[in-house]
Every structure is written in C-alpha cells, then in structure tokens.
Number of protein chains: 2
Amino acid sequence: MSAASQSRPLRADAARNRQLLLDAAAMIFAEHGMQASVAQIARQAGIAKGTVFRHFPTKDDLVAAIVCDQLDYLSAAGTALSDAADPTAALLEFMTSVVELQTRDRSLCQAAVGIFQDNQEIQACADRLTKITEILTERARLQGGIRGDVTGQDVILLLRGVYQAAAPLSDRQPTLWRRFLAVVFEGLRSPAAYPLPLPAPDLFRSPLGDGQSPPGARAPTSLQIRDDRGNSEEP
Amino acid sequence: MSAASQSRPLRADAARNRQLLLDAAAMIFAEHGMQASVAQIARQAGIAKGTVFRHFPTKDDLVAAIVCDQLDYLSAAGTALSDAADPTAALLEFMTSVVELQTRDRSLCQAAVGIFQDNQEIQACADRLTKITEILTERARLQGGIRGDVTGQDVILLLRGVYQAAAPLSDRQPTLWRRFLAVVFEGLRSPAAYPLPLPAPDLFRSPLGDGQSPPGARAPTSLQIRDDRGNSEEP
DNA sequence: ACCTGAACACCGTTCAAGT
DNA sequence: ACCTGAACACCGTTCAAGT
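Just so it is clear, the model here is predicted, and its values are computed rather than measured.

### Side note on the packing of helix α5 (residues 87-104) of chain B against helix α7 (residues 120-143) of chain B
Residue and element names in this part refer to chain B. Closest axis-to-axis distance for the α5/α7 pair is 7 Å, and the angle between their directions is 145°. Of the two elements, α5 crosses α7, and the hand of that crossing is left-handed. From α5, Pro87, Thr88, Leu91 and Phe94 reach across to α7, where they touch Leu129, Thr133, Leu136, Thr137, Arg139, Ala140 and Gln143. Tallied by class, residues from the contact of α5 with α7 come to 6 nonpolar, 4 polar and 1 charged.

### Some points on the protein's contact with DNA strand C
Neighbouring DNA strand C are 20 residues, the closest being A:Phe53, A:Thr58, A:Lys59, B:Arg11 and B:Asn17. The sugar-phosphate backbone supplies 70% of the atoms of DNA strand C found within 4 Å of the protein. Here a phosphate oxygen of DNA strand C sits 2.4 Å away from a polar atom, N or O, in the side chain of B:Asn17. At 3.0 Å from a phosphate oxygen of DNA strand C is found a side-chain nitrogen or oxygen belonging to B:Thr51. The greatest single-element share of the surface near DNA strand C, amounting to 4 residues, is contributed by helix α3 (residues 49-55) of chain B. Across the surface near DNA strand C, the residue classes break down as 8 nonpolar, 6 polar and 6 charged.

### Points about helix α8 (residues 152-166) of chain A
Here α8(A) contains 15 residues, and its C-alpha end-to-end distance of 22 Å stays within 8% of the 21 Å for a straight helix at 1.5 Å per residue. The N-cap of α8(A), judged by a side-chain oxygen 3.3 Å from the amide nitrogen of A:Gln153 a few residues on, is A:Thr151.

### A look at the domain arrangement of chain A
Quite often, the size of an interface is put as the accessible area lost when its parts meet. All names here are of chain A. Taken domain by domain, chain A consists of domain 1 (13-57) and domain 2 (59-233). Among the residues domain 1 hides against domain 2, the three largest losses belong to Phe29, Met34 and Phe56. Together they make up 45% of the total. Linking domain 1 to domain 2 there are 0 salt bridges. Those elements that provide at least two residues to the side of domain 1 that touches domain 2 are α1 (12-32), α2 (38-45) and α3 (49-55).

### Description of the protein's contact with DNA strand D
Inspection of the region around DNA strand D gives 19 residues, with A:Arg11, A:Asn17, B:Phe53, B:Thr58 and B:Lys59 positioned closest. Taking all atoms of DNA strand D within 4 Å of the protein, the share assigned to sugar and phosphate is 70%. Within the contact set of DNA strand D, a base oxygen lies 3.3 Å away from a side-chain nitrogen or oxygen of B:Lys49. Between DNA strand D and B:Thr58 there is a distance of 2.6 Å, counted from a phosphate oxygen to a side-chain nitrogen or oxygen. Sorting the residues of the surface near DNA strand D by element identifies α1 and α3 of chain A together with α3 of chain B as the ones contributing at least two each. The biggest single contributor to the surface near DNA strand D is α3(A), with 4 residues.

### Remarks on the confidence of the model for chain A
Residue and element names in this part refer to chain A. When pLDDT is averaged along chain A, the result is 83, and 80% of the positions lie at 70 or above. By mean pLDDT, the top-scoring element of chain A is α3 (98), and the lowest-scoring one is helix α6 (residues 106-115) (72). Scored below 50 in pLDDT, residues 205-235 shows 53 contacts in the model against residues more than four places distant or in partner chains.

### Comments concerning the state of the cysteines
All names here are of chain A. The full count for this structure, using the stated rule, is 0 disulfides over all chains. Between Cys68, a cysteine without a disulfide, and Cys125, which holds the nearest cysteine sulfur, the sulfur-to-sulfur distance is 3.2 Å. For Cys68, a relative accessible area of 1% gives the class buried.

What counts and what doesn't
- Residues numbered from 1 in each chain as written.
- Chains lettered and ligands numbered in written order.
- Predicted model: local features only at pLDDT ≥ 70, side-chain atom pairs only at ≥ 80, totals over all residues.
- Heavy atoms only, no water.
- Axes fitted to C-alpha atoms, helices over the stretch in contact; angles between N-to-C directions.
- Helix = DSSP H or I, 4+ residues; strand = E, 2+ residues; numbered from the N terminus.
- Left-handed = near helix turned anticlockwise from the far one by under 90°.
- Contact = heavy atoms within 4.5 Å.
- Nonpolar A, V, L, I, M, F, W, Y, C, P; charged D, E, K, R; others polar.
- Near = heavy atom within 4 Å.
- Polar contact = N/O pair within 3.5 Å; in protein donor to acceptor, adjacent residues only side chain to side chain.
- Expected span 1.5 Å × (residues − 1).
- Domains from an automatic or database assignment.
- Buried area = accessible area lost by both parts, 1.4 Å probe.
- Salt bridge = Lys/Arg side-chain N within 4 Å of Asp/Glu carboxyl O.
- pLDDT = per-residue confidence, 0-100.
- Disulfide = S-S within 2.5 Å.
- Buried < 20%, exposed > 50% of the residue type's maximum accessible area, 1.4 Å probe, protein only.

If you want it as structure tokens, here you go:
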C-alpha cells in the first residue's frame, strides 16, 4: 500500500516476497526497534538477505516504508477527528493516539530523527500528518481551548518529546506517557500566562517561514532567565 | 575524576592513557553521538583499540563514564541554585541548563535510554541529579510557582522530552528547545487546571513507591478522553 | 601491569551466478 | 526479472604475544 503505484507491476513472486518482507519488518521493528538486523528480518520473512536490498536499496528505506504506513495511519486517525463536536477534546484524543502508537512501535520515533531529514517518501507522509495536525490544532485554537501561538508543528514535535520523556521507564511504567502528555497539554492550554519564545518550528521546504506564516511567531523572550539572544538561526 | 578512587592507583602510563581516552571520547561523543566507533576514539587518543577495552570492559561503560561526568556537572549546577532567592526562577534556570547541555552533547540523552537501566555508576550519578532536582522542584512548589503534584522525577524526564522534541530540527533551528521548554514549564505552573493522571514516575530501587512517597500521586483520571484504565502497571 | 594488533562474530551492502 | 549466497568493509570484543 505504501509505494505500490510505481512503474509497472511486480512479478508475482516479487510482489509476494515484498509483502512477506514488509510484514516481517513491521513485526520485528515494532518489537525490537529499528536496530534489529536485516538478517533477522530476512529470516523471519523466509527470503535471502540480498533480496531485502533488491526491494529496498538501504535498510533506512525499509524502515521508512514501515514508518510511512504508520504516519498514514495517524493521518487517517486525525482526519476522522477533524469535524468532531469538541475540537479541543478531539485534539487531545488525537495526541493520545500518536503517543500510543509510538509506545506500541519502537521504530516510529527512532526513525523520525535519523531519516526525516532526507528521505523523500517519509517527508510526504510527515507533511500529510503535519497538515491534518495543523487543522486539528487550529480548530482547538479557534475554540479557545489552546493558546493562540501554538502550531501543528509544535504539537507533533512535542508528542515526540512526550514519548521520549517516558521512554526510559517504558518497561516499568508503560503508561507513564499519559502523565507527561497531561503536563504538555496543560502547557498548551488557554489562557497563556506568557508568550512562547522563538518562532514556531517549520519542518517544510523553506529554511524559515514562507507562504502562510505560522500564527504566533516572534514573541518577546518572556520568562527566559538566562541570556537567550532570541531567534538567531545558524551561529 | 569519575571512578578514580578504586583499588590501588594506576601505573603512570595507564593513568595517562586513561585520561587521553576519556578526553578523546568526550570530544567525539559530543560531536557524533554515542554511535561513534571505538576505533575512531582510540585513533584520536593515540592508543590501540584493545587498550580501550582494558580500561572499560564495554563501549557502554565508556559512554557511561562520560555521561556520569556530565550528570555530575548538572548536579553541581543544581546545587548552586538550591538556595536562590526565587525558587521558581531557579528551577527554570536549572531546567534550561539541563536541556542546553543535552544540545551541546549528543551522547548524553541517547545514553539515558539504553544504559540508565543496568549501569551501576550511571545510576549513582542519576540519583544524585534526581535528588537535587527534587530539592529545586520542592522549593518552587512550596513557593507556589509550580503545581503541587509534580516531582523532581517528572522534571528530569520531561527535560529529556524537551530536548528530544526539538532534536529533529536541531541543525536547522538549534534553539527551538527554548520554545518547547516554555510550553512544558507552562504545563508545570500553578495553579493546576486538572490533576495529573497516574502516579509520579519512580526511577529508584523499588518497582513502585516505598520510603518517602512522591507528593501528588494517584490523582483521578482527569481529562483523559480515551479509555485509560488508570495505573495498571504490567499488563 | 599494561599495551598491542591479529582474530572473531557480527553488521549493512554488493554482486556474480543462477532460475 | 528476480532470487541467492558468497564476499566485502565495517563494527564491538577477545586474547595471545609482547614490554
């Protein structure tokens, strides 16, 4: 379902092997994270190691394919909530789903850091997810449930943070992320006591801000105590 | 300075090599993260690869030694702030320092997940840091600056989250973490709109809660929308 | 005691040889 | 076209041989 509509259709055995490979990879990455070996996945799928690299030129590409499926799943979950009666509650429910999936699949969050940057396919999926998150965020913002200077980008990245905050204890306290999600959501709530420092993050094309600029950008430095020479990009 | 006071002193050349090794490792880990190869570090230090494993039985132990130094640095920074005039501002300044160090040294945060669990040395350092963080947190709490159900454990783990949230964009927007730190700190502020779900995390010995129990534990489920069957530990 | 470098079992990746 | 498995350059780790 991920990158199927390319060139001409695969040969029967190739298509079969590809599916076996994807299934095996999804299973093993979910359990052991993306540091699981290609050999292990190939064994699980019942194909030769070399075949893996025929379907995906690099291990990262294989991870990317799996991650894309999950990002799309989250995009769908977000879309389903995009006309909910209570936008703020919908946003929280969406955020819950995102962290929940991360805890179920260890590779999702790991992959985000390493591959996000240059992988084309994952970029497209991430963009879709960002877009729907932006919609949910804006609805909650217009409802007055969350502060005015928060963007969908903020939300997505913060959800990565929520999962990672709880990750060190995930085996001993597997639902601890709910606590941290509550803290973060509390921080997003209206009314805002202090404006956020720095402009909102921008995952998209341009180095910083083009097209529709994010709403709450360029707030004064607020409560930052140490010297923060504001929004200097590259040093 | 880390684990020096063990058994009898090292031979002159061994002590010298150990220091060269630690310096090289600190430099290279900071720059490339802990996935930098042992060979690279040995080369930088000007010693043989085998010598690395004579001083540190495993690569993780080497990482742990470096990380411990940094945890101790943060503990010292926290101690220096433990009698500041404004406890809430002190806590925020401390939190800023912690995230700042993580952005300067990529290995710190990475190591926390993988090694925290079973490494003795790192446990001791982390415990010290947790203790001083607890002190700073309690002072801010008593001042009324942050909500009553937040612990030092929460703060430490959330700081990991703040860094990780900003990590995917750290090369393009290197100070973005300040924005996310502001969101999280806002979530910790008083007064609390809703109580936090789940008991506070507990990095220490016991599976859950012994000795001095954390303050705000066992709050009702608050705003969680989806089914959260509360604080069930192992499923 | 400590250092060294060859050796080992792994890893991701490549590619000639098969069907 | 696609699959296979041997081969390659790497990795962390071990250890006999040196001083």
